[in-house]
Every structure is written in structure tokens, then in C-alpha cells.
Amino acid sequence: VQLQASGGGLVQAGGSLRVSCAASGRAFNTYTITWFRQAPGKERDFVATIRGSSSTRIYADSVKGRFTISRDNVEKTVYLQMNNLKPEDTAVYYCAASRSVILSALRTIESYSDWGQGTQVTVSS
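These notes cover the structure that comes with them.

## So, the pairing of strand E3 (residues 17-24)
Phase 1 of the analysis: Where strand E1 (residues 2-6) meets E3, five bridges bridge the pair, whose relative direction is antiparallel. Within the sheet, the bridge partner assigned to Ser 6 lies in E3 and is Ser 20.

## Regarding the pattern of salt bridges
Phase 1 of the analysis: Following the criterion strictly, the structure yields three salt bridges and no others.
Phase 2 of the analysis: Linking Asp 89 and Arg 37 is a salt bridge whose minimum nitrogen-to-oxygen distance equals 2.9 Å. One end of the pair, Asp 89, is in the loop between strand E8 (77-82) and strand E9 (91-98); the other, Arg 37, is in strand E4 (residues 32-38), with 52 residues separating them in the sequence. For the residue pair Asp 89 and Arg 37, the accessibility class agrees, reading buried in each case.
Phase 3 of the analysis: Linking Asp 89 and Arg 66 is a salt bridge whose minimum nitrogen-to-oxygen distance equals 2.7 Å. Taken together, the residues Asp 89 in the loop between E8 and E9 and Arg 66 in the loop between strand E6 (57-59) and strand E7 (67-72) connect sequence positions 23 residues apart.
Phase 4 of the analysis: Sharing partners across several salt bridges, the network here consists of Arg 37, Arg 66 and Asp 89.

What counts, and at which threshold
Residues numbered from 1 in each chain as written. Predicted model: local features only at pLDDT ≥ 70, side-chain atom pairs only at ≥ 80, totals over all residues. Heavy atoms only, no water. Pairing = 2+ DSSP bridges. Helix = DSSP H or I, 4+ residues; strand = E, 2+ residues; numbered from the N terminus. Salt bridge = Lys/Arg side-chain N within 4 Å of Asp/Glu carboxyl O. Buried < 20%, exposed > 50% of the residue type's maximum accessible area, 1.4 Å probe, protein only.

Put into C-alpha cells, the structure is as follows:
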């Protein structure tokens, strides 16, 4: 599956932003989609994930209660609604897809073979 992330931008601390991950290809509803982010000089970190049926959603502790992941399988798009943004949320946000990732490996970068190009989110203080 091919992925394209969009919706990033510049926002003040406390503000909101929604990033999207649009997919092309077949059987989108069988893919687990996960958001990662990478700040300058840092490793790429897990943010949130959602199973194909939306039955499982998992969040990193740093975003729990502020971010919400959702998907529209008809539109083949996954959304990440980000509220109460903080300067430490500044990063390039990437979406990734996998059809076969197991529960214990959802947060692992190596579990994903298909990646979007990333979208920049900048939160000013």
C-alpha cells in the first residue's frame, strides 16, 4: 500500500491540528496503520496505532488523552487529531502500514514495510 501524510503545519502551544494518512491500494481495512514521529536529532518514536477494524487503538504515554487516532476505511484514510499541543510534539510525523504486525510489535519500526513521506508539525511556545 502507498501512503501519503498531510496536514502538518505551525501551531501555538495549546492548539490543535489534524494530520491525515491517505492510502492507495487494495484491502485497506486489513492494514494496521501507525503514526511515528521524529524530532531533529532524535530517533523515530511510536505515537499511536489503529487496527484495520478500529478494534484496537494504542497510544504512547506522552500523547495519551491529547491525541486521538481514527480511520475511515471507505476513504482509505487514517487521522490523528492532536489537541493541547506542546512544543515537545514538534517533529516530522510519519504513517506506516502493515498487514501482519502482531500486538507485541505494534510500536516497533521494523514491523512496518510501507511508509508515508512525513509531514512537519511545529508547535511554538
